Amino acid sequence: VNGDRGPIREAAYGVTKAIIDSLWEGLKQIPDKLNNRDIAFIGDPETRRVVKEKRASAEWALLRKYIEDRDLWVIVQSGLTLRSLEGDPLLKRRLEHLRGTLHSRFGPLGVQIAEVVQRGILTDLVTHYAKEGATDQQLRAQIGTMLGDLMAHVEFIRTGDDPKEFCRKIAYKVSIRSPQIVMGRGRAVDALNRVARKIKEGTDCHVAIGSQDDQEYLFVFRTDQWRSLTDPGPDPAGRPSQPRKSR
Amino acid sequence: MEVVSLKAVPKDLKLAMLKELGYELDRDGVHVVTTGGGERVVDPYSSLEVRLDNMMILPGSAILLDDNELSLISYMEDKGDIL
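Residues numbered from 1 in each chain as written. Chains lettered and ligands numbered in written order. Predicted model: local features only at pLDDT ≥ 70, side-chain atom pairs only at ≥ 80, totals over all residues. Heavy atoms only, no water.

Quick notes on the side chain of Ser78 of chain A
Structurally, Ser78 of chain A is set in helix 5 (residues 70-85). Sequence-distant contacts of Ser78 of chain A, defined by excluding residues within four places in its chain, comprise Leu98 and Leu102 of chain A together with Leu70 and Ile73 of chain B. (Helix = DSSP H or I, 4+ residues; strand = E, 2+ residues; numbered from the N terminus. Contact = heavy atoms within 4.5 Å.)

Shown next as structure tokens:
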């Protein structure tokens, strides 16, 4: 259903001779029809189908709750759309076109944020925070800050990286900006798991692991920040709040 | 609202529609320009020059866009889910 304009005539996708004839006959009325929102001329029906599907998805509804910036709305929906386009060789040209338009409008940061969404990492992070009891207001502030300065929060691990050195680097970075997201793909996943163990054993950071396809990622939270996000606040009866224990 | 895919609309009909809207084809036979002035039409959301073979004409005051997901998402954020 299309707002107050009634149902959209999907049958128009299979543009028939009758539709072509009626467009020729009604040529002079097309400007008025467009002004009155009675007609729209799309390109590939798949573009519209994918966009509408993503805008109606539960994942977008969840993420939108915590994102206040309108540009980020566009970038995040584009990231969800990239996920729909990946993997199918027939859609490769469209995927690259979308990445190109993201880059030309929002620069490298826009592409990076869309990729974090494409990989499901942002959704996992939001879900992780929400499960631990962070309030909507805390989540909005945290997600907004992190996406605005994404690359300061992301590290990519490679096969040859020394886990001990990498752990030290993450501990330093997380002391400045929490959370840190460490991403590893393919054979670098082994190195990532070694780093995860070292961080858990050698620091008091809160660590969570996620994965998608051949990629794994760690969320590393500074403990004081993690506690402030997941602290339920003062008890209404006046009892002091108990910080939750990091896993 | 009637939604028509331009992918199956013949070129002569697309050109006739553009003429009604104050546009025509550039001399290169690819890009859309404003009638007379010759300015190439640029998609405000993607900054791409609009091409006859990859365009959308969307309601409002006849907005010409490049057919890509980012432009459509941006349009829907501006105008609502009208399509």
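Observations concerning the packing of aromatic side chains
Residues and elements named next belong to chain A. Here the structure, examined in full by the defined rule, presents 3 aromatic pairs over all chains. With 5.3 Å between their ring centres and 70 degrees between their planes, Tyr129 and Phe221 make a pair best called edge-to-face. Here Tyr129, found in helix 7 (residues 121-131), pairs with Phe221, found in strand 5 (residues 215-221); they are 92 residues apart in sequence, far enough to count as distant. The class of Tyr129 is buried, set by a relative accessible area of 1%. Classification of Phe221 by relative accessible area gives buried; the value is 0%. Arranged with centres 5.5 Å apart and planes meeting at 50 degrees, the rings of Tyr217 and Phe219 form a pair that is tilted. Given the relative accessible area of 1%, Tyr217 is considered buried. Aromatic rings pair up to connect Tyr129, Tyr217, Phe219 and Phe221 into one cluster. A cation sits over an aromatic face here: Arg64 above Trp73, 4.0 Å from the ring centre. (Phe/Tyr/Trp six-rings, centres within 6.5 Å; stacked < 30°, edge-to-face > 60°. Buried < 20%, exposed > 50% of the residue type's maximum accessible area, 1.4 Å probe, protein only. Lys NZ or Arg CZ within 6 Å of the ring centre and 35° of its normal.)

Remarks on helix 2 (residues 69-79) of chain B
Most of helix 2 of chain B is tucked away, with 9 of its 11 residues classed as buried. Those residues of helix 2 of chain B that sit buried are Glu69, Leu70, Ser71, Leu72, Ile73, Ser74, Tyr75, Met76 and Glu77 of chain B. Against the buried residues of helix 2 of chain B lie helix 3 (45-55), helix 4 (58-65), helix 5 and helix 6 (92-118) of chain A together with strand 4 (55-58) and strand 5 (63-66) of chain B. At the N-terminal end of helix 2 of chain B, a side-chain oxygen is found 3.0 Å from the backbone nitrogen of Leu70 of chain B, two or three residues along, and the residue is Asn68 of chain B. One or two positions beyond helix 2 of chain B, positive phi appears at Gly80 of chain B, with a value near 90 degrees. (Polar contact = N/O pair within 3.5 Å; in protein donor to acceptor, adjacent residues only side chain to side chain.)

Concerning the nonpolar core
If you look at the biggest cluster of nonpolar residues, it comprises 57 residues, and the most contacted ones within it are Ile67, Leu122, Ile143 and Leu147 of chain A together with Leu58, Tyr75 and Leu83 of chain B. Sorting elements by how many residues they give to this core places helix 6 of chain A first, with 9 residues. In this structure Ile67 of chain A touches Leu72, Trp73, Val76, Leu122, Arg140, Ile143 and Leu147 of chain A, once residues within four positions along its chain are discounted. Counting residues in each nonpolar core, the second largest holds 24 residues, with Leu6, Val9, Val32 and Val41 of chain B among its members. (Core = buried A, V, L, I, M, F, W, Y, C linked by side-chain atoms within 4.5 Å.)

Side note on unusual backbone geometry
Omega for the peptide link from Ser178 of chain A to Pro179 of chain A comes to 5 degrees, which places this bond in the cis form. In this fold, Pro179 of chain A is placed in the loop between helix 9 (163-176) and strand 3 (180-185). Despite not being glycine, Arg37 of chain A has its phi angle at roughly 60 degrees, a positive value. Secondary-structure assignment places Arg37 of chain A in the loop between helix 2 (30-35) and strand 1 (39-42). Its relative accessible area of 28% is what places Arg37 of chain A among the partly exposed residues. Of note in the backbone geometry, Ser47 of chain B takes a positive phi value of approximately 65 degrees without being a glycine.

As for a nonpolar patch on the surface
The grouping of Leu109, Met151 and Phe156 of chain A at the surface amounts to a nonpolar patch, some 250 Å² of accessible area in total. Summarising the element assignment, Phe156 of chain A is placed in strand 2 (residues 154-156). (Patch = residues over 30% accessible without salt bridge, like charges linked within 9 Å, V, L, I, M, F, W, Y side chains within 5 Å. Areas by Shrake-Rupley, 256 points an atom, 1.4 Å probe, with all protein chains shown as cover. Salt bridge = Lys/Arg side-chain N within 4 Å of Asp/Glu carboxyl O.)

Here's the deal with the side chain of Glu69 of chain B
Inspection of the secondary structure assignment puts Glu69 of chain B in helix 2. Residue classification places Glu69 of chain B among the buried residues on the basis of a relative accessible area of 2%. Side chain to side chain, Glu69 of chain B and Arg94 of chain A meet in a polar contact 2.5 Å long.

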